[in-house]
Amino acid sequence: MGGGAWLLRRVLASIAIVVAVVTFIFILIHVAPGRPCTENLDPRVCEQLTRQFGLDKPIVVQYWRYLVQVVHGNLGVSYSLHRPVADALLETIPFTLQLAGAALMLDFLLGLALGIYQAGRVNRIPDVVLSNSTLFVYSLPTFWLALILLLVFGEKLRWFPVGGASDPIFCPVIDSFFCVVDRVWHLVLPSATLGLVGAAGTARFQRAAMLDVATQDYVRTARAKGVPERQIVMRHQLHNALLSFITRFGLAFPFLLTGAVLIETIFAWPGMGRLAFEAILTRDYPLVTATALIASTVVVAGNLLADILIGLADPRLRVHATTDADIVTA
Amino acid sequence: MTLGNWLALVVALILAAEAVRALRHRALRRERWRRFFRHRTASWGLGILTFLVIVALAAPLVAPFDPNRQLDIVHLTNQPPSWTFLLGTDLLSRDVWSRAVYGGRISLGIGALGALVAVSLGTLVGALAGYYRRWIDAVLMRGVDVGLALPRIFILLMAVALWDGLPFTALVLAIGLTSWFGTSRLVRAEVLALRQRDFVVAARALGVGTSRVIFRHVLPNAAAPIIVSAALGVGNVLLLEASLSFLGIGIAPPEASWGNMIADGAPSIYTAPWSTLFPGLAIALVVMSLNAVADGVRDALDPREDGGVE
């Protein structure tokens, strides 16, 4: 099977998965008791709204309507925000991307550096200290770490703002260099929370992957030939350990999404996670389904991207990459 | 804290240390488990877990106060840690130490039960898919693909929020039913490899029934990944429950869980950090110990290490 056919099949499978996820969410929403009307709403108004949004129709009809709508690029109108879902998403997604991007950068840069540093001095004091520290940080609940960072750096030391994405008085819109700095300044605590926990996981993972490779014959051969230790670590071990690193990259997305819901809520970061959480609480069906659609697309796309990257990095795995390469640690 | 509480705590500590020592003593006869105890962090993890489980079980002996009682809402709110209130009191003048001890029952219970549901289901599905292959495998594994792509936190938030607070068992089931996908993939891969092995083929040739082959011959040999994912699973479920409770939709107050204790403490974190700090540390301690134990088990049961010289 050629690379093109493989890619096509994977893309189609990914789309099928996303459709299945949307279907599942749709069913879950509609079997759940309760309607999107609040208690103090006049029952007659509620009745009228229910009819207006087509919620009185059989679920199959509603489902079909929704699918047709989505295929046409229309995600519907949010009940609680009284505006198109797409608008609300377009407004919040950049914030989540900034948060996730910054967290991912910290996660991988710090995690890789620590992992490589440790692999070079296994079981010596720096390695043992770092191993125990990363084990601890990796085990922290992200939302708790967020609170502690807020307490220490936001309240006690007052180095960083305690919430929001920008200063509401000076920077309601980002229109100057000062405002960019302001945004970054607001970004530090939330992204550090997600990034540090992630980096601890990445460091542990990378250290194990490097050590796994360390007993391979070609590493021993290189050492026997007298290749300098630094070069063995950087060239022979790191190069081959990067494969498993790519897999981890694909798996980072679900973690970031889950984290986003909690972290955005704590730091009042106006991103998609917080939007989704509020949508669920207000039973805003179109908004819930749309955020789930986006979330699952991101997860599936992350896996696909990882598979493609692995195929590019290691020709041996090119065709069979889908079958067993993506074993999950969860 | 009364003298009796301290005494109970010391007894729990001794019991845990003795239990680990006894296990270690027995383990020395078996090469694989000796490898486990050579990990210092894994032994510590096991000890800490045993200690916390004993404390949670013996909660009435270790906790000086009723965890839900508001001791004195006028004079005793947000008291700092002291000899009377070991970890201080919270905004509603409840003893944080007592709540943490009783909350441990809920949090550890959900972690263990949720992981039990998840790992049993994952193992079953993985074993069926790997053993029968063909269309059963195809159907089950496509289902797992979808499950892994589900935004799990959304599903749980929805389940809990839409049904207006789930009872304990439903919460356990909801978490367990959304957490088995990873395990099933691992088990399937293991079973696929094992079913070709001579002893499995021989068992089948002898006419041993399918379920017996799977449960007596195949699965025991796939124990390593199952145990590891169970240990990691307990930690994940515990974190998940804590997240849900923190968002205010997990374990309903006044019942204490470590997650909702953090939520309760968060509003007064600047004036009384202890009521947030300690439950979080408890979660971290448990999850860390579980991760360490999982590492140890992975090394101990790694077939590549068997008979190897170190």
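A.B. asks: Could you give an account of the overall build of chain B, with specific residues and numbers?
C.D. replies: If you tally the helices and strands in chain B, you get 14 helices and zero strands. Listing the helices and strands of chain B from first to last along the sequence gives α-α-α-α-α-α-α-α-α-α-α-α-α-α. C-alpha extents for chain B along the principal axes are approximately 75 × 50 × 30 Å. Residue burial in chain B is summarised as follows: out of 310 residues, 50% are buried. Sequence-distant contacts, at least 24 apart, represent 70% of the contacts inside chain B between residues at least 6 apart.

A.B. asks: Break down the overall build of chain A for me, citing the residues and quoting the values.
C.D. replies: Scanning chain A from N- to C-terminus turns up twelve helices and zero strands. Reading chain A from its N terminus to its C terminus gives the helix and strand order α-α-α-α-α-α-α-α-α-α-α-α. Over its C-alpha atoms, taken along the principal directions, chain A stretches across nearly 85 × 60 × 40 Å. Counting every position in chain A, which comprises 330 residues, the buried fraction comes to 37%. Intrachain contacts of chain A at a sequence separation of at least 6 include 71% that bridge at least 24 residues.

A.B. asks: Go over helix H2 (residues 43-52) of chain A, please, and point to the residues and values.
C.D. replies: Since the α-helix advances by 3.6 residues per turn, residues separated by three or four positions end up pointing in the same direction. Across the ten residues that make up H2(A), only a small minority, zero, are buried. Where H2(A) ends, the next residue or the one after it, Gly54(A), has phi of about 75°, a positive value.

A.B. asks: Give a detailed account of helix H3 (residues 40-57) of chain B, specifying residues and quantitative values.
C.D. replies: Residue and element names in this part refer to chain B. Look at H3: 26 Å from first C-alpha to last across 18 residues, which is about the 26 Å you get at 1.5 Å a residue. Listed as buried for H3 are Ala42, Ser43, Gly45, Leu46, Leu49, Thr50, Phe51, Leu52, Val55 and Ala56. Turning to H3, the residues buried within the fold contact helix H1 (3-27), helix H2 (31-38), helix H4 (59-62), helix H5 (96-132) and helix H14 (274-300).

A.B. asks: How would you summarise the interface of chain A and chain B if you had to cite specific residues and measurements?
C.D. replies: On the side of chain B, 38 residues touch chain A, which itself brings 42 residues to the contact. Residue assignment for the side of chain A that touches chain B shows that the elements contributing at least two residues are helix H1 (3-31), helix H5 (125-138), helix H6 (142-156), helix H9 (229-266), helix H10 (272-281) and helix H11 (285-313) of chain A. Here the side of chain A that touches chain B is composed, by residue class, of 32 nonpolar, seven polar and three charged.

A.B. asks: Can you tell me about the confidence of the model for chain A, naming the residues and giving the values?
C.D. replies: Considering every residue of chain A, the mean pLDDT works out to 80; 92% of them sit at 70 or more. Mean pLDDT per element in chain A: helix H12 (residues 321-324) of chain A is the minimum at 44, and H5(A) is the maximum at 89.

A.B. asks: Got a sec to walk through the packing of helix H6 (residues 134-149) of chain B against helix H9 (residues 181-194) of chain B? Specific residues and values, please.
C.D. replies: Residue and element names in this part refer to chain B. Put simply, H6 and H9 touch, their axes get as near as 9 Å, and they point 140° apart. Comparing the axis directions of H6 and H9 gives the class oblique. Taken as a pair, H6 and H9 cross one another with a handedness that is left-handed. The segment H6 lies against H9, with Val144, Gly147 and Leu148 engaging Phe181, Ser184 and Arg185.

A.B. asks: Talk me through the packing of helix H13 (residues 258-265) of chain B against H14(B); I want residue IDs and the actual numbers.
C.D. replies: All names here are of chain B. Axis separation between H13 and H14 bottoms out at 8 Å; the angle between their running directions is 155°. Our classification of the angle between H13 and H14 gives roughly antiparallel. Remark: the crossing between H13 and H14 carries left-handed chirality. Mapping the contact onto sequence places Trp258, Met261, Ile262, Asp264 and Gly265 in H13 and Ser275, Thr276, Pro279, Gly280, Ala282 and Ile283 in H14.

Scoring rules and cut-offs
Residues numbered from 1 in each chain as written. Chains lettered and ligands numbered in written order. Predicted model: local features only at pLDDT ≥ 70, side-chain atom pairs only at ≥ 80, totals over all residues. Helix = DSSP H or I, 4+ residues; strand = E, 2+ residues; numbered from the N terminus. Buried ≥ 20, exposed ≤ 12 C-beta atoms within 10 Å, placed from the backbone. Contact = placed C-beta atoms within 7 Å. Expected span 1.5 Å × (residues − 1). Nonpolar A, V, L, I, M, F, W, Y, C, P; charged D, E, K, R; others polar. pLDDT = per-residue confidence, 0-100. Axes fitted to C-alpha atoms, helices over the stretch in contact; angles between N-to-C directions. Parallel < 35°, antiparallel > 145°, perpendicular 65-115°, else oblique. Left-handed = near helix turned anticlockwise from the far one by under 90°.

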